[in-house]
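The chain contents come next:
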Amino acid sequence: MLQIAVLVSGGGTNLQAIIDKINSGELDCKINRVISDNKDAYALERAKKHNIDTKVIEFNKDFNENLLSALEESKAELIVAAGFLKVLSSEIIHRYRHKIVNIHPSLIPSFCGKGFYGIKVHEKALERGIKITGATVHFIDEGTDTGPIIMQRAVAVMDDDTPQSLQKRVMEEAEQAILPESLKLIAEGRVYIENGKAKIRRIIV
Ligand code: GAR
């Protein structure tokens, strides 16, 4: 069973989607620990409700060192950044190369990179007047939202969308589906890297 640690900063709807899939038996993973940079993150309450070990790491000069220790201590084989809004150190990225997954609320490479996170992504998308948006699951590398893409799902933008309505639809229709789906593929050993790209091994029956 794949042992994971989940990094969170906010509401934790993506964390909840992972917990629900594990509890329904559809995802063969164990969440060893939920780690947050924000002591008030509602995601921590969600974890506690399910008796998952939680840890808050204060954002100070030792943040990256403490985060790395907390991850190593958790014995997680895969790290999931599920709405985690801090940039990871190159040391952590190096230690967990192709073992840190992130969910981003747009179709990368649109509306991503520095300054594009949370509701800001949807504000920018609506400002530009795009008709299709979505979400992306990718491995984290040293760049911002530049790592190998594992899965994407498109969501239509409506003329009367607000950033909030669009965010909700992207979360419900895309993020909460493709994050557990990606974890399932990784847990099954079906995701591999070839020429810097993530690929999915097909099952031949
Ligand atoms: C999600 O929309 C996630 O894609 C986004 O933050 C939100 C967290 O929601 N992440 C980023 O913008 C990372 N660049 P949640 O706490 O309810 O899962």
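Quick caveat, the model's predicted, so the values are computed rather than measured. (Residues numbered from 1 in each chain as written. Predicted model: local features only at pLDDT ≥ 70, side-chain atom pairs only at ≥ 80, totals over all residues. Heavy atoms only, no water.)

Draft legend 1. View of unusual backbone geometry. Between Ile-108 and the following residue, Pro-109, the backbone shows a cis peptide bond with an omega angle of 15 degrees. In the Ramachandran plot, Asn-51 falls in the positive-phi region, its phi being about 55 degrees despite a non-glycine side chain. When you line up the elements, Asn-51 lands in the loop between helix H2 (42-49) and strand E3 (54-56). Asn-51 sits in the exposed class, given a relative accessible area of 73%. Despite not being glycine, Asp-145 has its phi angle at roughly 65 degrees, a positive value. Along the chain, the position of Asp-145 falls in the loop between strand E6 (132-139) and strand E7 (149-156). (Helix = DSSP H or I, 4+ residues; strand = E, 2+ residues; numbered from the N terminus. Buried < 20%, exposed > 50% of the residue type's maximum accessible area, 1.4 Å probe, protein only.)

Draft legend 2. Representation of the pairing of strand E5 (residues 100-104). Extensive coverage of E5 is indicated by the burial of five of its five residues. Residues of E5 alternate between two faces, with Ile-100, Asn-102 and His-104 on one and Val-101 and Ile-103 on the opposite face, all of them buried. Direction of pairing for strand E4 (residues 78-81) relative to E5: parallel, over a ladder of three bridges. Its bridge partner lying in E5, Val-80 is registered against Val-101. For the crossover from E4 across helix H4 (residues 90-95) to E5, the handedness is right-handed. (Pairing = 2+ DSSP bridges. Right-handed = clockwise from strand over helix to strand, strands pointing away.)

Draft legend 3. Up close: the nonpolar core. Ile-4 and Ile-31 are the most contacted members of the largest nonpolar core, which totals 43 residues. Apart from the residues lying within four places of it in its own chain, the contact partners of Ile-31 are Ile-4, Val-6, Leu-15, Ile-18, Ile-19, Ile-22 and Ile-52. Membership of the second largest hydrophobic core comes to 19 residues, among which are Leu-7, Ile-57, Leu-67 and Leu-71. (Core = buried A, V, L, I, M, F, W, Y, C linked by side-chain atoms within 4.5 Å. Contact = heavy atoms within 4.5 Å.)

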